[in-house]
Amino acid sequence: MLLKIDIHIHTTNSPDGSVEIEQIPTIIKMKGLDGIAITDHDRFFNEEINGVITIPGIEVSTKEGHLLGLGDVGCISPGLSVDETVRTIHSRGGVAILAHPYDVVRGGIRPSQVTERLDGIETINSKAHPYSLTKYLAEKASKRLGIPTFGGSDSHIPETIGDAYTCIESRSGSTDDIVHAIRRGNAYARGGPSGSISQLKRVGANIGRRL
Ligand SMILES: [Zn+2]
Ligand SMILES: [Zn+2]
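Below, the structure is looked at part by part. (Residues numbered from 1 in each chain as written. Chains lettered and ligands numbered in written order. Predicted model: local features only at pLDDT ≥ 70, side-chain atom pairs only at ≥ 80, totals over all residues. Heavy atoms only, no water.)

## Considering the overall build of the protein
Here is the rule: The way it works is that DSSP assigns letters per residue, a run of H or I at least four long becomes a helix, a run of E at least two long becomes a strand, and they are numbered from the N terminus. Using a 1.4 Å probe on the protein chains alone, a residue whose accessible area is under 20% of its type maximum counts as buried, one over 50% counts as exposed, and one in between counts as partly exposed. Shrake-Rupley sampling with a 1.4 Å probe provides the accessible areas, and residues are treated as covered by the protein chains on show and by no other component.
Helix and strand content of the protein: 5 helices and 10 strands. Expressed as a percentage of the 211 residues in the protein, the buried residues total 53%. Summing over all exposed atoms, the protein offers an accessible surface of approximately 9400 Å²; the carbon and sulfur share of this is 49%.

## Considering the nonpolar core
To keep it simple, the criterion reads: Nonpolar cores are built from buried Ala, Val, Leu, Ile, Met, Phe, Trp, Tyr and Cys residues. Side-chain atoms within 4.5 Å join them into one set.
Residues Leu67, Val86, Leu98, Val114 and Leu118 are the most contacted members of the largest nonpolar core, which totals 19 residues. Residue assignment for this core shows that the elements contributing at least two residues are β4 (57-61), α2 (82-91), β6 (95-98) and α3 (131-145). A per-element tally of this core places α2 first, with 3 residues. Judged by nonpolar contacts, the second largest core, of 17 residues, contains Leu3, Ile97, Phe150 and Val179.

## Some details on the coordination of the zinc ion (ligand 2)
Selection criterion: In this description, a donor is an N, O or S atom within 2.8 Å of the metal centre, a cutoff extended to 3.2 Å for sodium, potassium and calcium. Water is not part of the atom list, which can make sites seem incomplete. By the criteria applied here, four donors are tetrahedral when all angles lie between 85 and 135 degrees, four are square planar and six octahedral when opposite donors are over 155 degrees apart and every other angle lies between 65 and 115, and any other arrangement is irregular.
Coordination sphere of the zinc ion (ligand 2), protein contribution only: His8 (NE2), His10 (NE2), Glu59 (OE) and Asp154 (OD), at 2.0 to 2.3 Å. Geometry at the zinc ion (ligand 2) is irregular, judged from the 4 donor atoms that bind it and their angles of 81 to 174° at the metal. Look at where the donors of the zinc ion (ligand 2) fall in the sequence and you get H-x1-H-x48-E-x94-D. The metal-metal distance between the zinc ion (ligand 2) and the zinc ion (ligand 1) is 3.5 Å, with glutamate 59 coordinating both. In this pair, histidine 8 is assigned in strand β1 (residues 2-9) and aspartate 154 in the loop between β8 (149-152) and β9 (164-169), connecting sequence segments 146 residues apart. For the residue pair histidine 8 and aspartate 154, the accessibility class agrees, reading buried in each case.

## Focus on the sheet that holds strand β7 (residues 120-125)
Quick reminder of the rule: Strand pairing is assigned whenever DSSP identifies at least 2 bridges connecting the two strands. Axis definition: a line fit to C-alpha positions, over the contact stretch in the case of helices; interaxial angles, taken between N-to-C directions, run 0 to 180 degrees. Whether two residues touch is decided by their heavy atoms; if any such pair falls within 4.5 Å, the residues are in contact.
Read across the sheet, 5 strands follow the order β4-β5-β6-β7-β8 without closing on themselves; strand pairing throughout is mixed. A strand with exactly one partner marks an edge of an open sheet, and here the two such strands are β4 and β8. Along the sheet, successive strands turn relative to each other by an average axial angle of 35°, direction set aside. Bridge count for β7 against β8 is 4 bridges, and the pairing is parallel. Across the sheet, asparagine 125 pairs through a bridge with glycine 152, a residue of β8. Each of β7 and β8 touches α3; the most contacted strand, β7, lies at about 155° to it.

## Examining α3
Note the following rule: By definition here, a helix of n residues has an expected span of 1.5 Å times n minus one.
For α3, which comprises 15 residues, the first-to-last C-alpha distance of 21 Å matches the rise-based estimate of 21 Å (1.5 Å per residue) to within 8%. Considering only its buried residues, α3 is in contact with β7, β8 and β10 (187-191).

## Section: the pairing of β7
Operational definition: The handedness of a crossover follows from its direction of travel: if, with the strands pointing away from the viewer, the path from the first strand over the helix to the second runs clockwise, the crossover is right-handed.
Of all 6 residues in β7, 6 are buried; the element is thus mostly enclosed. As paired elements, β6 and β7 share 2 bridges and run parallel to each other. By the bridge assignment for β7, leucine 98 is matched with isoleucine 121. Handedness of the crossover is the feature at issue here: the chain leaves β7, passes through α3, returns alongside β8, and the resulting connection is right-handed.

## As for the coordination of the zinc ion (ligand 1)
Six octahedral donors around a metal ideally sit at 90 or 180 degrees from one another, while four tetrahedral donors ideally sit at 109.5 degrees. For the zinc ion (ligand 1), every protein donor is listed as Glu59 (OE), His66 (ND1) and His100 (NE2), and the spread of their distances is 2.1 Å. Sequence spacing of the donor residues for the zinc ion (ligand 1), all on one chain, is E-x6-H-x33-H.

Right, here's the structure in full:
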């Protein structure tokens, strides 16, 4: 089955995050997604959310920049090198994906800084700066490394959830099958940058009416 999953979402457990877990099922349905990964900063999330495929996840602040860990990887200390962090994620059976590489504002990791094998690269991050250039460079790196592309909205507010997402061809919606599918490279990025504030407000009003 082909699953559409926004693999990069922050909740109120992240600084500046305003997404409440209770809002997620309605938003996911509105946006036509099948699932999400909650990837709060240095805080592992593995709760079940009603009616939503939820991949356990974390966004780790490594020494070089941000790295997404998906799967049952548990808490991971920030401040380790990216290579050490990738090794930890793999030893716990998870997959490691570079978050917003080449981002100039948020210090995205460049693939050349990583020696360990990555499982994917977030080529579409809806908040990336500058968007087109980071996407272009990340796509080139994914081809060079032979690893799949990922899309994540990096939402800190409900309105932008699903602006980018990842299509994953998986046997089922279980975490094991999804992680397995990612390891085999059965994933690709879709979506684009988050819109202007006025567009976001319109979407927000719409969500407000339905909640
Ligand atoms: Zn980040
Ligand atoms: Zn993030």
